[in-house]
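A structural walkthrough
Residues per chain, in single letters:
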Amino acid sequence: MTVTIAPSSVAGIRAPDTGIAREADQLVRDTTSELIYHHSRRVFWFGALQGRRRGLSFDPELLYIGALFHDLGLGERFHGSGRRFEVDSADEARRFLQSHHVPEDSIRRVWTAIALHTTPGIPQFMEPEVALVTAGVECDVLGIGYEEISEADRAEIVALHPRPEFKRRILAAFTDGIRPKPETTFGNVKADVLQHYVPGFERGDFVRTILDSPWPE
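Residues numbered from 1 in each chain as written. Predicted model: local features only at pLDDT ≥ 70, side-chain atom pairs only at ≥ 80, totals over all residues. Heavy atoms only, no water.

Note: most residues except glycine have negative phi, and most peptide bonds are trans. In this structure, Ala11 is a non-glycine residue whose phi angle is positive, near 55°. In this structure, Ala11 sits in the loop between β1 (9-10) and β2 (13-14). Given a relative accessible area of 4%, Ala11 falls into the buried group. The phi torsion at Glu165 lies on the positive side, around 50°, for a residue other than glycine. Note that Glu165 resides in the loop between α7 (151-160) and α8 (166-178). (Helix = DSSP H or I, 4+ residues; strand = E, 2+ residues; numbered from the N terminus. Buried < 20%, exposed > 50% of the residue type's maximum accessible area, 1.4 Å probe, protein only.)

Compared with an ideal rise of 1.5 Å per residue, which puts 15 residues at 21 Å, helix α4 (residues 85-99) spans 21 Å between its outermost C-alpha atoms and is within 8% of the ideal. Of the positions making up α4, those classed as buried are Phe85, Glu86, Asp88, Ser89, Ala90, Asp91, Glu92, Ala93, Phe96 and Leu97. Those residues of α4 that are buried lie in contact with α1 (19-31), α3 (60-69), α5 (104-115), α8 and α9 (190-197). Phi for His101, located one or two positions after α4, is positive at around 60°. (Expected span 1.5 Å × (residues − 1). Contact = heavy atoms within 4.5 Å.)

Before going further, it helps to spend a moment on the packing of aromatic side chains. Per the counting criterion, the structure on display carries three aromatic pairs. Centre to centre, the rings of Phe44 and Trp45 are 5.2 Å apart; their planes meet at 75°, and the pair counts as edge-to-face. On the basis of relative accessible area, Trp45 is assigned to the buried category, the value being 0%. Look at Phe44 and Tyr64: their rings are 5.1 Å apart centre to centre, the planes differ by 90°, and that puts the pair in the edge-to-face class. With Phe44 in helix α2 (residues 34-54) and Tyr64 in helix α3, this pair connects stretches of sequence that are 20 residues apart. By relative accessible area, Phe44 is classed as buried at 1%. Looking at Tyr64, the relative accessible area reads 3%, which means it is buried. Through successive ring pairs, a cluster of aromatic residues spans Phe44, Trp45 and Tyr64. Across the ring face of Phe166, the terminal group of Arg42 is positioned such that the distance to the ring centre comes to 4.8 Å. Across the ring face of Tyr146, the terminal group of Arg154 is positioned such that the distance to the ring centre comes to 3.8 Å. (Phe/Tyr/Trp six-rings, centres within 6.5 Å; stacked < 30°, edge-to-face > 60°. Lys NZ or Arg CZ within 6 Å of the ring centre and 35° of its normal.)

Okay, the nonpolar core next. The biggest cluster of nonpolar side chains holds 42 residues, and the ones touching the most others in it are Phe44, Trp45, Ile65, Phe69 and Leu97. Every element with two or more residues in this core is listed here: α1, α2, α3, α4, α5, α6 (128-142) and α7. Excluding its chain neighbours within four sequence positions, the residues that come into contact with Phe44 are Ile13, Arg14, Ala15, Pro16, Pro60, Leu63, Tyr64 and Ala67. Formed by 14 residues, the second largest nonpolar core is a distinct cluster that contains Phe85, Ile170, Ile178 and Val193. (Core = buried A, V, L, I, M, F, W, Y, C linked by side-chain atoms within 4.5 Å.)

Moving on: the packing of α4 against α5. The interhelical angle for the contact between α4 and α5, taken along N-to-C directions, is 160°, at an axis separation of 8 Å. With respect to their mutual orientation, α4 and α5 come out roughly antiparallel. In terms of crossing hand, the pair formed by α4 and α5 is right-handed. Where α4 approaches α5, its residues Glu86, Val87, Ser89, Ala90, Asp91, Ala93, Arg94, Leu97 and Gln98 are matched on the opposing element by Glu104, Ile107, Val110, Trp111, Ile114 and Ala115. Residues that form the contact of α4 with α5 fall into these classes: nine nonpolar, two polar and four charged. (Axes fitted to C-alpha atoms, helices over the stretch in contact; angles between N-to-C directions. Parallel < 35°, antiparallel > 145°, perpendicular 65-115°, else oblique. Left-handed = near helix turned anticlockwise from the far one by under 90°. Nonpolar A, V, L, I, M, F, W, Y, C, P; charged D, E, K, R; others polar.)

Here it is in structure tokens:
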């Protein structure tokens, strides 16, 4: 993929320039689509801006890697995994960080940030890196917190990492990534995606699952 390497500072936020961060960036550029790469980089900046606004102290390198890896599990090589794409993404990040001998507590934060990024209502009460990966995703995909980021900052980030037809294209990427394993959408927001875009999809019913369980009562 041919993309422009980001300058060291965008919207007043400096991206990490460590060896691990550069290698993670190269890995994600080489293994994902341009859509996912640009989205993942925007997630870092939107999350970091929210962290600054909220007065949170966070590790920029961990936030950066969490943002970069968060959608890696949508790729074709994970279609047969039988796991939620969030877990596949988190596991890839864990393997990458372990190969660089990163402390286990830092790895846990990144894994949790990625695994929970589509589970609303929980990440904001956890460590800053966990909260801010979700905040970045929610801003870029759902527009949550859009007005809390200045128009100038949004424009600077989007100029570097554009969003052409992003709504349609990210929904298509979600559909392609989870269509082969629809059972992994039970109880999570991605069931809505398949409900809209996959004819014949039947979402799991939590109440029905309880009533039809093997327990007599």
